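Structure at a glance
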Amino acid sequence: MDEKDEDLGPFDPSIPAEGPSAPPAGWLDDVHGYESHKGGEEDSPLYPPPPAYNPQPELDRNTSVPNVRVPTVSEDVARAALLKFVESKWRYSSKPARNLTFKELKPITVYRYRLETYTETRTSGWKFEPYNGQAVDGPQFGMSPPPWDIPMALPRMFTDRVEKIRVPHSSSVKTCHMCSGCGRTLCISCNGRGQKRCISCHGKGHRKQHGNHRGSSGSTRCSSCHGRGRKRCISCHGQGFKTCSVCHGCKNLLHFIQLTVTWKNNVEDFIPDRQPDFPDKKFEKVTGDPFFVDESVLVYPILGFPDQEICDVSRRMINEHLQRFTSTSRILQQRQAIELVPLTHAHYTYSGKDYSFFVYGVENEVFAAKYPSACSIL
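Residues numbered from 1 in each chain as written. Predicted model: local features only at pLDDT ≥ 70, side-chain atom pairs only at ≥ 80, totals over all residues. Heavy atoms only, no water.

This part covers the overall build of the protein chain. Secondary structure assignment for the protein chain yields four helices and 16 strands. Relative to the globule expectation of 21 Å for 378 residues, the C-alpha radius of gyration of the protein chain, 36 Å, shows a markedly less compact shape. Over its C-alpha atoms, taken along the principal directions, the protein chain stretches across nearly 95 × 80 × 30 Å. Considering the protein chain as a whole, with its 378 residues, one finds that 40% of them fall into the buried category. When contacts within the protein chain are restricted to residue pairs at least 6 apart in sequence, those whose partners lie at least 24 apart make up 81%. Within the structure as shown, the protein chain displays about 21700 Å² of accessible surface, and the carbon and sulfur contribution to it stands at 49%. The distance from the centre of the 48 positive side-chain charges to the centre of the 43 negative ones in the protein chain is 13 Å. (Helix = DSSP H or I, 4+ residues; strand = E, 2+ residues; numbered from the N terminus. Rg over C-alpha atoms; globule rule 2.2 N^0.38 Å. Buried < 20%, exposed > 50% of the residue type's maximum accessible area, 1.4 Å probe, protein only. Contact = heavy atoms within 4.5 Å. Areas by Shrake-Rupley, 256 points an atom, 1.4 Å probe, with all protein chains shown as cover. Lys, Arg positive; Asp, Glu negative; His and termini not counted. Charge placed at Lys NZ, Arg CZ, Asp CG, Glu CD.)

On to the sheet that holds strand E14 (residues 343-350), then. Strand order in this open sheet of four strands is E1-E14-E15-E16, and the pairing throughout is antiparallel. Edge positions in the sheet fall to strand E1 (101-107) and strand E16 (365-367), since each has one partner strand and no second. Direction aside, the axes of adjacent strands within the sheet are offset by 25° on average. Bridging between E14 and strand E15 (residues 353-360) involves eight bridges; their strand directions are antiparallel. Note that in E15 the partner of alanine 346 across the bridge is phenylalanine 357. Where helix H2 (residues 75-87) meets the sheet, it contacts E1, E15 and E16, and its direction lies at approximately 100° from that of E1. (Pairing = 2+ DSSP bridges. Axes fitted to C-alpha atoms, helices over the stretch in contact; angles between N-to-C directions.)

Further remarks concern the pattern of salt bridges. It is possible for side chains of opposite charge to pair when their charged atoms get near one another. Scanning the model with the defined rule gives 15 salt bridges in all. The closest approach of N and O atoms between arginine 330 and glutamate 120, which form a salt bridge, is 4.0 Å. Placement of arginine 330 in strand E13 (residues 330-340) and of glutamate 120 in strand E2 (residues 111-130) is noted, with a sequence separation of 210 residues between them. Note on arginine 330: relative accessible area 25%, which makes it partly exposed. On the basis of relative accessibility, which here comes to 1%, the residue glutamate 120 falls in the buried class. A salt bridge links glutamate 320 to arginine 316; its shortest N-O distance comes to 3.3 Å. Of this pair, glutamate 320 and arginine 316 both sit in helix H4 (residues 308-326), four residues apart, which is roughly one turn of the helix. Using a relative accessible area of 32% as the deciding quantity, one classes glutamate 320 as partly exposed. For arginine 316, a relative accessible area of 37% corresponds to the partly exposed category. Because the salt bridges share partners, they merge into one network encompassing Arg112, Arg114, Asp269 and Glu339. (Salt bridge = Lys/Arg side-chain N within 4 Å of Asp/Glu carboxyl O.)

On to H2, then. The terminal C-alpha atoms of H2 lie 18 Å apart, and with 13 residues this matches the ideal 18 Å at 1.5 Å per residue to within 8%. Inspection of H2 places Ala78, Ala81, Leu82, Phe85 and Val86 among the buried residues, and these make up the whole buried set. For H2, the buried positions fall inside an angular range of 135° around the axis, keeping them on one side. Exposed residues on H2 whose side chains face more than 90 degrees from its buried face are Asp76, Lys84 and Glu87. On its buried face, H2 is in contact with helix H3 (95-99), E1, E15 and E16. (Expected span 1.5 Å × (residues − 1). Arc of directions from axis to C-beta.)

Counting residues in hydrophobic clusters, the biggest one holds 22 residues, and the most contacted among them are Tyr113, Phe291, Ile302, Phe305 and Ile338. Elements with a minimum of two residues in this core: E2, strand E12 (289-296), H4 and E13. Considering each element in turn, this core owes the most residues, seven residues, to H4. Apart from the residues within four sequence positions on either side, phenylalanine 291 is in contact with Val65, Pro66, Val68, Tyr111, Phe305, Ile338, Glu339 and Leu340. One finds Ala81, Leu82, Leu100 and Ala346 within the second-largest nonpolar core, a separate group that totals 18 residues. (Core = buried A, V, L, I, M, F, W, Y, C linked by side-chain atoms within 4.5 Å.)

This brings us to H4. Along its 19 residues, H4 runs 27 Å from first to last C-alpha, staying within 8% of the 27 Å computed at 1.5 Å per residue. Along H4, the positions that sit buried rather than exposed are Ile310, Cys311, Val313, Ser314, Met317, Ile318, His321, Leu322 and Phe325. One face of H4 carries all of its buried residues, which in axial projection span an arc of 165°. The inward-facing, buried residues of H4 contact E2, strand E11 (252-270) and E13. With a side-chain oxygen positioned 3.1 Å from the backbone nitrogen of glutamate 309, the residue opening H4 is aspartate 307. (Polar contact = N/O pair within 3.5 Å; in protein donor to acceptor, adjacent residues only side chain to side chain.)

Here you go:
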């Protein structure tokens, strides 16, 4: 031991230093059906559902879709939409929008296909809490049910939600791994001595005093430690130890397996890219008319729709979702829809020049790559 450390006073050797923040390997007992756990707090195995939990698709089954009429936009609606767009751009003048002359309003057929797959995923991990004498639901009450045999109340379909539940009969009481059952741990700031060497005087209790003229140098008592050379450790308030941060002084921990159930709506959209002058990303912020909605435990590829690309995408997405989600999750419900997203290309003239803009979405949003005026004064 360093002689300087002895000056700070003795420490209690019965108080242990801090142990690991998580239970070490082999600290906890194996629970049947959850043997993949290693005991760490971050250990969260994923449990794929048994084959019987996932529905099986019927072979060669398809879905038909009704015909749909392409909507049109009138000149009044197109002009009102453009005026609203211009008002949001402070550098634009509304004069061209009010006085332009329409040449053609060309409706464009745009379909958006959407597939939703609602899944349930189950993972688990060891958790612990200070043991204060609360009831312990341990293996003496029976075997823990497998992850997918634990009943859970389903939320409303296609809504994301996470629920956590304690696995029955998985609890056990163990000595706290952080403090080894002492309830407190050595203060690492002062190494258990309750005091720290004064940094102002380096433990001497006095500091040199420099005067303004020759021969005036001397020493003066350190004002920081009042001449003692050491100061009370503020981390442990001079006690040399702290209450264990894991068991909060209870000395024991109640360990249990926590099951985490995640319900998630996995959504995927597709819009064919057939209008080079219009950025497809604009469609993401508007809605369409869902003229076809098909919902079931499993949906089936669309067949016979006028847009063959929609049929092909439907088949590809459905197959991909089945392969992707059945390996890790339980499919509870699927929903597919086709929306007709309004898109009109408005061609007009102003001051003898040709221009155009797009009106899109049920909300009648506007996209204009060029506009006649960019003045700041109306």
